[in-house]
Amino acid sequence: QKEVEQDPGPLSVPEGAIVSLNCTYSNSAFQYFMWYRQYSRKGPELLMYTYSSGNKEDGRFTAQVDKSSKYISLFIRDSQPSDSATYLCAMSPSLYGQNFVFGPGTRLSVLP
Amino acid sequence: GAGVSQSPSNKVTEKGKDVELRCDPISGHTALYWYRQRLGQGLEFLIYFQGNSAPDKSGLPSDRFSAERTGESVSTLTIQRTQQEDSAVYLCASSLQTTASTDTQYFGPGTRLTVL
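Keep in mind that what you see is a predicted model, and the values were worked out from it rather than measured.

Would you mind showing me how to read the packing of aromatic side chains here?
For any pair of aromatic rings, geometry is given as the distance between the ring centres together with the angle between the planes. Counted under the stated rule, the structure contains twelve aromatic pairs over all chains. Relative to Tyr 51 of chain A, the ring of Tyr 32 of chain A lies with its centre 4.9 Å away and its plane at 45°, an arrangement referred to as tilted. Note that Tyr 32 of chain A is positioned in strand 4 (residues 32–38) and Tyr 51 of chain A in strand 5 (residues 45–51), a separation of 19 residues in sequence. Residues Tyr 33 of chain B and Tyr 35 of chain B carry aromatic rings whose centres are separated by 6.2 Å and whose planes lie at 25° to one another, so their mutual orientation is stacked.

Mind showing me how you'd approach the side chain of Arg 64 of chain B here?
All names here are of chain B. Relative to the elements of secondary structure, Arg 64 occurs in the loop between strand 5 (43–50) and strand 6 (65–69). Within the structure, Arg 64 has its side chain in polar contact with the backbone oxygen of Arg 81 (distance 3.2 Å). Discounting chain neighbours no more than four positions away, the residues touching Arg 64 are Thr 78, Ile 79, Gln 80, Arg 81, Thr 82, Gln 83 and Asp 86.

Is there a simple way to explain the pattern of salt bridges in this structure?
Side chains that differ in charge, positive against negative, can pair when their charged atoms come close. Residues and elements named next belong to chain A. Overall, the coordinates contain seven salt bridges over all chains when judged by the stated rule. Across the pair Arg 77 and Glu 57 runs a salt bridge, and its minimum N-O distance is 3.5 Å. In this pair, Arg 77 is assigned in the loop between strand 8 (71–76) and strand 9 (85–92) and Glu 57 in strand 6 (residues 54–58), connecting sequence segments 20 residues apart. When its relative accessible area of 29% is taken as the criterion, Arg 77 is described as partly exposed. We classify Glu 57 as exposed; its relative accessible area is 60%. Residue Arg 60 pairs with Asp 83 through a salt bridge whose shortest N-O separation is 2.8 Å.

Explain the interface of chain B and chain A here, please?
Interfaces are often sized by the accessible area lost when the parts come together. The interface of chain B with chain A comprises 24 residues on the first partner and 19 residues on the second. Taken together, both faces of the contact between chain B and chain A bury some 1700 Å²; the carbon and sulfur share is 58%. Put simply, chain B and chain A have zero salt bridges between them. Partitioned by chemical class, the residues of the side of chain B that touches chain A number eight nonpolar, 13 polar and three charged.

Sorry if this is basic, but what is going on with the sheet that holds strand 3 (residues 19–24) of chain B here?
Sheets are built from strands that pair by backbone hydrogen bonding, the pairs being arranged parallel or antiparallel. Residues and elements named next belong to chain B. If you walk across this open sheet you meet the four strands as 1-3-7-6, and the pairing is antiparallel. Only two strands of the sheet have a single neighbouring strand rather than two, namely strand 1 (5–7) and strand 6. Strand after strand, the sheet turns through a mean of 15° between neighbouring axes, direction not considered. Examined bridge by bridge, strand 3 and strand 7 (residues 75–79) share five bridges and lie antiparallel to one another. Among the inter-strand pairings, Glu 20 is bridged to a residue of strand 7, identified as Thr 78.

For this particular structure, what's the right way to read the state of the cysteines?
Where two cysteines share a covalent bond between their sulfur atoms, that bond is called a disulfide. All told, the structure shown has two disulfides over all chains when counted by the stated rule. Two residues, Cys 23 of chain A and Cys 89 of chain A, share a disulfide whose sulfurs are 2.0 Å apart. Residues Cys 23 of chain A and Cys 89 of chain A are joined by a disulfide whose S-S torsion is about -105°; by sign, that bridge is left-handed. Residue Cys 23 of chain A is found in strand 3 (residues 19–25), and its partner Cys 89 of chain A is found in strand 9; the two are separated by 66 residues along the sequence. Residue Cys 23 of chain A is classed as buried on the basis of its relative accessible area of 1%. A disulfide bridge connects Cys 23 of chain B with Cys 92 of chain B, and the sulfur atoms are separated by 1.9 Å. Across the S-S bond of Cys 23 of chain B and Cys 92 of chain B the torsion is about -65°, and the bridge reads as left-handed.

What counts, and where the lines are drawn
Every chain is numbered independently, its residues counted from 1 as its sequence is written. Each chain is given a letter, starting from A, and each ligand a number, starting from 1, according to the order in which they appear as written. Residue-level local features of this predicted model are given only where pLDDT is at least 70; pairs of side-chain atoms are given and counted only at 80 or more, and the full residue set underlies all totals for whole chains, interfaces and linings. Side-chain numbers come from the whole structure's heavy atoms, not from hydrogens or water. Planes of paired rings set the category: under 30 degrees apart is stacked, over 60 is edge-to-face and the rest tilted, where pairs are Phe, Tyr or Trp rings (Trp by its six-membered ring) whose centres lie within 6.5 Å. Put simply, DSSP H or I for four residues or longer makes a helix, DSSP E for two residues or longer makes a strand, and each gets a number counted from the N terminus. Pairs of N or O atoms within 3.5 Å make up the polar contacts considered here, provided that, within protein, one atom can donate a hydrogen while the other can accept it, and that residues adjacent in sequence are counted only when both atoms are side-chain atoms. By definition, residues are in contact when any of their heavy atoms lie within 4.5 Å. For salt bridges, the criterion is a side-chain nitrogen of Lys or Arg within 4 Å of an Asp or Glu carboxyl oxygen. We call a residue buried when its accessible area falls under 20% of the maximum for its residue type, exposed when it is over 50%, and partly exposed in between, using a 1.4 Å probe and counting protein chains only. Note on terms: buried area is the combined drop in 1.4 Å-probe accessible area of two parts once they are placed together, counting the loss on both. Throughout this entry, Asp, Glu, Lys and Arg are counted as charged residues, while Ala, Val, Leu, Ile, Met, Phe, Trp, Tyr, Cys and Pro are counted as nonpolar. The remaining residues, Gly among them, count as polar. Should DSSP find at least two bridges between two strands, the strands are regarded as paired. To define axes, lines are fitted to C-alpha atoms, for helices over the stretch in contact only, and angles between the resulting N-to-C directions are given on a 0 to 180 degree scale. Disulfide: a pair of cysteine sulfur atoms within 2.5 Å of each other.

Right, dumping it as structure tokens:
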């Protein structure tokens, strides 16, 4: 079993739809949870991060962590074609980046 | 520059040749990371530099891989005697690595390496 699992997609949705992206993990030591967005031929950029369990909202994006189920989600409301990208989850037991473990990413297409 | 830059953006090489990839981090960022991203796979940590500390080389897949960093500036990743399985996008990231928040890494656009 991989340490972090993520459905690779591709996931295609119509503009305006609510998108749910998910990751599961096996390491109960993970405390920090991140979502990155990666456009084609670009490096990943940090969208949101959450510490421990709970929800965090930023504009159209909501990150949710359920440590008891070892499951994290990213919700995108009112999805736009500009949201079309690959979304990577990442998690870490510590604050520092050398311990980050990344999921393989989910490719999302939002169709106009 | 405003962001992390990497060069070259694309590199095609023949099996057995050596390649050198360059990363220019954001000025003032003390931490620098190299990752490998194979098609359809997550980022694979390779090596981490923090200030003048000894680098964390725990992710380097073999002794054909090495990296250097001059102070808190440019870093080069060298792959000797390249193999076809080395074909991937090599990403560099830098961060301030403060204790006030999580370690926000800023990524460069990557170098796409193809080994024929």
